[in-house]
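Reading the structure
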Amino acid sequence: MSKREQAGVTSTDLPVANTWDKQVSTVNTVIDLSDARTQRAIVIAADAGQWARCTTPDGHTVYGIPSSKPNVRYLVDEYNCSCPDQTFNPGRACKHVTAVRIHQALAAA
Ligand SMILES: [Zn+2]
């Protein structure tokens, strides 16, 4: 299942939109340590203490992760990111999305 399918909310989905926590627990990421994007994601996840956090009433958390550009943060959750990489490669998790998944896996461990 692609990220877009997992994150998609159609009008018929709205009555069950508050089951996001169950969806989160089904996100799986294969960690390939030879992949440069994964390596950068691990470095970003190690700095999770610097992320801004915004939690919605239904418990979904969105993170503000600092860019390498000064004074820029990307809005990131386990499905989407506002960075250019995610914009140009919408079907593939960018390093920020992967970092969030790593962070959440560590928090749940
Ligand atoms: Zn990103």
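For the structure given in this document, a descriptive report is provided here. A quick note: this is a predicted structure, and the numbers were derived from the prediction, not measured. (Residues numbered from 1 in each chain as written. Predicted model: local features only at pLDDT ≥ 70, side-chain atom pairs only at ≥ 80, totals over all residues.)

1. Looking at the overall build of the chain
Note the following rule: Here a strand is any run of E in DSSP of at least two residues, a helix any run of H or I of at least four, and the numbering for each starts at the N terminus. Burial is judged by counting the other C-beta atoms within 10 Å of a residue's own C-beta: 20 or more makes it buried, 12 or fewer makes it exposed, and any count in between marks it as partly exposed, with every C-beta position built from the backbone. The contact criterion used is a C-beta to C-beta distance within 7 Å, with each C-beta placed from the backbone.
Helix and strand content of the chain: five helices and three strands. Along the chain, from the amino end to the carboxyl end, the secondary structure elements read α-α-α-β-β-β-α-α. Here the chain holds 109 residues, and 24% of them are scored as buried. Intrachain contacts of the chain at a sequence separation of at least 6 include 43% that bridge at least 24 residues.

2. So, the sheet that holds strand β3 (residues 73-76)
The strands making up a sheet associate through backbone hydrogen bonding, with each pair oriented either parallel or antiparallel. Using the following cut-off: Between any two strands, at least two bridges found by DSSP are needed for them to pair. Helix axes are fitted only over the stretch in contact, all axes being lines through C-alpha atoms; the angle between N-to-C directions runs from 0 to 180 degrees.
Spatial ordering of the open sheet is given by β1-β2-β3, a layout of three strands whose pairing is antiparallel. Only two strands of the sheet have a single partner each, and these edge strands are β1 (52-55) and β3. Recorded for the sheet is a direction-independent mean angle of 20° between the axes of neighbouring strands. As paired strands, β1 and strand β2 (residues 61-66) are joined by four bridges and run antiparallel to one another. Among the inter-strand pairings, Thr 55 is bridged to a residue of β2, identified as Thr 61. Most of the contacts of helix α5 (residues 95-108) go to β3, to which it runs at about 60°, and overall it touches β2 and β3.

3. Quick look at the nonpolar core
Condition: Remark: nonpolar core denotes a set of buried Ala, Val, Leu, Ile, Met, Phe, Trp, Tyr and Cys residues whose joining runs through C-beta atoms within 7 Å.
Ile 65, Val 76, Cys 81, Val 97 and Ala 99 are the most contacted members of the largest nonpolar core, which has 16 residues in total. Only α3 (36-45), β2, β3 and α5 provide two or more residues apiece to this core. When sequence neighbours within four positions are dropped, the list of residues in contact with Cys 81 reads Tyr 74, Val 76, Gln 86, Cys 94, His 96 and Val 97.

4. Concerning the pairing of β3
Only one face of β3 is buried, namely the one carrying Tyr 74 and Val 76, since none of Arg 73 and Leu 75 on the opposite face is buried. Bridge count for β2 against β3 is four bridges, and the pairing is antiparallel. Within β3, the residue paired with Pro 66 across the bridge is Arg 73. Here β2 folds back onto β3, and the loop between the two strands holds six residues, one of which, Asn 71, carries a positive phi near 60°.

5. What about α5?
Note the cut-off: Here the expected span of a helix is defined as 1.5 Å times the quantity of residues minus one.
With 14 residues, α5 extends 20 Å from end C-alpha to end C-alpha; this agrees with the ideal 20 Å at 1.5 Å per step. In this fold, the buried residues of α5 make contact with α3, β2, β3 and α4 (84-88).

6. Some words on the packing of α3 against α5
We count it as follows: Roughly parallel refers to an angle under 35 degrees, roughly antiparallel to one over 145, roughly perpendicular to one between 65 and 115, and oblique to any angle outside these ranges. Left-handed is the label given to a crossing in which the near helix is rotated counterclockwise from the far helix by less than a right angle, and right-handed is the label when the rotation is clockwise. Under the convention adopted here, Pro, Cys and the residues Ala, Val, Leu, Ile, Met, Phe, Trp and Tyr are nonpolar, Asp, Glu, Lys and Arg are charged, and Gly plus all remaining residues are polar.
Relative to each other, α3 and α5 sit at 55°, their axes nearing to 8 Å. In terms of axis orientation, α3 runs oblique to α5. Between α3 and α5 lies a crossing whose hand is right-handed. Here Arg 37, Thr 38, Arg 40, Ala 41, Ile 42, Ile 44 and Ala 45 of α3 come into contact with α5, specifically with Lys 95, His 96, Thr 98, Ala 99, Ile 102 and His 103. Here the contact of α3 with α5 is composed, by residue class, of six nonpolar, four polar and three charged.

Don't take any of this as a statement about function, it's just geometry.
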